[in-house]
Amino acid sequence: MNQTTMRAAIAVNAGAALQVQDMPLPELKAGQVLVKIIASGVNPLDTKISSGQGGHARQPLPAVLGMDLAGVVAAVSADVSAFNIGDEVYGMAGGIGGNQGSLAQYIAVDADLLARKPKNLSMREAAVLPLIFITAWEGLVDRANVRAGQKVLVQGGAGGVGHVAVQIAKARGADVFATGSADSRAIIESFGATAIDYRHQAPADYLAQHTDGEGFDIVYDTVGGATLDASFGVLKLYTGHVVSCLGWGEHKLAPLSFRGATYSGVFTLLPLITGKGRKHHGEILAQATRMAEAGQLRVLLDDRRFSLENVNDAHAIVAAGQAIGKVVIDI
């Protein structure tokens, strides 16, 4: 490549608008590939980091933000054999832990973090998946070993992690239920789960209706707070397992302990922050590719189009909770 610079959106100061600037093309290190980014998914955490929050992401400013990407391999390090120039790939590759993010034309990425893009998904659709699929898989499969014959409750089944968790549980043979508002009922049911209107049905009621009072085998909480507390009380005795990707508050464990049940937390950012476990992220996304190509995985994608030039509009929509599905930036 003769190109030496690229365009990128940079969060210069907390709370300030992102600035689109030219910056040097990243240099490849051992174990990395250079990816020409086609699409960058916007997550709520990206907007929190930009506003000066999200300290757990450990991303000092100024920085190029953006965790999720889909694109084409433009160059490979000599020690990388898993990918070749021209391969279409996707991954959760940066934007936290001091790593350059995906709001740029190119990124140098640890090859272990990537997988081949599903052939039946567009670049925009693929850019929806990495963070939310990895988060859902780590909880349901790695922690809870979801399997056929189980009853699974997803708290927030129409959300980013939630709608993917529903599909993973369904693909692995579980009987799936998901909470949401009346407005999200159609979305939840379209992914094959039984919808529960949490505003009009108390936990004790849906526990009785859907499990005959026995409790769910697995509850995946994507909401946190009081919803996580409620999840402890709807588990099956002894074998029930709660997983949460937002278990960051203070919670009383007595309801969980009195049921002899267990809890697992999911913190998807760890491999990018610590450098440990990166290969598993690529392995998980390879599972996402298999599911998508088998017709078992669809994504919620906001159909509005954004580019680097109006990236701040996209961030504003996500920060305000006005997105309908994942917002994606065309790079």
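Whatever comes next refers back to the structure up there.
Here is a short report on the structure shown in this document.

Scoring rules and cut-offs
- Residues numbered from 1 in each chain as written.
- Predicted model: local features only at pLDDT ≥ 70, side-chain atom pairs only at ≥ 80, totals over all residues.
- Heavy atoms only, no water.
- Phe/Tyr/Trp six-rings, centres within 6.5 Å; stacked < 30°, edge-to-face > 60°.
- Helix = DSSP H or I, 4+ residues; strand = E, 2+ residues; numbered from the N terminus.
- Buried < 20%, exposed > 50% of the residue type's maximum accessible area, 1.4 Å probe, protein only.
- Axes fitted to C-alpha atoms, helices over the stretch in contact; angles between N-to-C directions.
- Parallel < 35°, antiparallel > 145°, perpendicular 65-115°, else oblique.
- Left-handed = near helix turned anticlockwise from the far one by under 90°.
- Contact = heavy atoms within 4.5 Å.
- Nonpolar A, V, L, I, M, F, W, Y, C, P; charged D, E, K, R; others polar.
- Pairing = 2+ DSSP bridges.
- Core = buried A, V, L, I, M, F, W, Y, C linked by side-chain atoms within 4.5 Å.
- Expected span 1.5 Å × (residues − 1).
- Polar contact = N/O pair within 3.5 Å; in protein donor to acceptor, adjacent residues only side chain to side chain.
- Right-handed = clockwise from strand over helix to strand, strands pointing away.

Some remarks on the packing of aromatic side chains
If you walk through the whole model with that rule in mind, you get 4 aromatic pairs. Judged by centre distance (6.4 Å) and plane angle (55 degrees), the ring pair of Tyr206 and Phe216 falls under tilted. Taken as a pair, Tyr206 in helix α6 (residues 203-211) and Phe216 in the loop between α6 and β12 (218-221) lie far apart in primary sequence, 10 residues in all. Among the residues examined, Tyr206 registers a relative accessible area of 3% and is labelled buried. With centroids separated by 6.1 Å and ring planes inclined at 90 degrees, the aromatic side chains of Phe232 and Tyr263 adopt a geometry described as edge-to-face. Placement of the pair is Phe232 in helix α7 (residues 226-232) and Tyr263 in strand β14 (residues 262-265), with a sequence separation of 31 residues. By the ring-pair criterion, three or more aromatic residues cluster together here, those being Phe177, Tyr206 and Phe216.

What about the packing of helix α3 (residues 130-143) against helix α4 (residues 160-171)?
Contact geometry of α3 with α4 gives a least axis separation of 8 Å together with a crossing angle of 50 degrees. In this view, α3 runs oblique relative to α4, as classed from their interaxial angle. Taken as a pair, α3 and α4 cross one another with a handedness that is right-handed. Contact with α3, carried on its side by Ile132, Phe133, Thr135, Ala136, Trp137, Leu140 and Val141, involves Gly160, Val161, His163, Val164, Ala165, Ile168 and Ala169 of α4 and no other residues of that element. For the contact of α3 with α4, the residue count by class is 11 nonpolar, 3 polar and no charged.

Some details on the sheet that holds strand β4 (residues 63-64)
Here we have 3 strands laid out as an open sheet, ordered β2-β1-β4, and antiparallel in their pairing. This sheet does not close on itself; its edge strands, each paired only once, are β2 (19-24) and β4.

Considerations on the nonpolar core
Counting residues in hydrophobic clusters, the biggest one holds 95 residues, and the most contacted among them are Ile96, Phe133, Leu140 and Ile168. Among the elements that take part in this core, α3 stands out by supplying 8 residues, more than any other. Within the second largest apolar cluster, 14 residues are counted, among which are Leu153, Phe216, Val234 and Ala261.

Digging into helix α10 (residues 278-293)
Taking 1.5 Å per residue, 16 residues should reach 22 Å; α10 reaches 23 Å between its end C-alpha atoms and fits that length. If you check which residues of α10 are buried, you get Arg278, His281, Gly282, Ile284, Leu285, Ala288, Thr289, Met291 and Ala292. Tucked inside the fold, the buried residues of α10 contact β6 (88-92), β7 (106-110), β8 (114-116), α3, α4 and α9 (270-274).

Brief notes about the environment of Gln150
Its location among the elements puts Gln150 in the loop between α3 and β9 (151-155). Distance in space between the C-alpha atoms of Gln150 and Ala174 is 5.0 Å, their sequence separation being 24 residues. Apart from residues lying up to four places away in sequence, Gln150 is in contact with Asn145, Ala174, Asp175, Asp217 and Ile218. Engagement of the side chain of Gln150 in a polar contact is seen with the backbone nitrogen of Arg147, the distance being 2.9 Å.

A word on the pairing of strand β3 (residues 32-42)
Counting buried positions along β3 yields 9 of 11 residues, so the element is predominantly enclosed. Pairing of β3 with β7, which is carried by 5 bridges, proceeds in the antiparallel orientation. Across the sheet, residue Leu34 finds its bridge partner in β7, namely Ala108. Taken together, the 8 bridges between β3 and strand β5 (residues 68-76) define a ladder with antiparallel strand orientation. Looking at the pairing, Gly41 lines up with Asp68 of β5. In this sheet, strand β16 (residues 327-330) lies alongside β3 in antiparallel orientation, the contact comprising 4 bridges. If you follow Ala39 over to β16, its bridge partner there is Asp330.

Topic: unusual backbone geometry
Along the chain, Leu61 connects to Pro62 via a cis peptide bond; the corresponding omega equals 5 degrees. Tracing the backbone through its elements, the reader meets Pro62 in the loop between α1 (44-51) and β4. At Asp212, a position not held by glycine, the phi torsion is positive, near 55 degrees. Along the polypeptide, Asp212 turns up in the loop between α6 and β12. A residue is classified by how much of its surface remains accessible, and Asp212, at 67% relative accessible area, is exposed.

Comments concerning the pairing of strand β11 (residues 194-197)
Sheet topology places strand β10 (residues 175-180) next to β11; 4 bridges connect them, and they run parallel. Within β11, the residue paired with Ala178 across the bridge is Ala195. Taken together, β10, helix α5 (residues 185-190) and β11 form a β-α-β motif whose crossover is right-handed.

Focus on the sheet that holds β10
Spatial strand order, β11-β10-β9-β12-β13-β14: 6 strands in an open sheet with parallel pairing. The strands lining the two open edges of the sheet, one partner per strand, are β11 and β14. Averaged over all adjacent pairs, the angle separating strand axes in this sheet is 20 degrees, with direction ignored. Contacts from α6 reach β9, β10 and β11 within the one sheet, and its direction differs from that of β9 by about 150 degrees.

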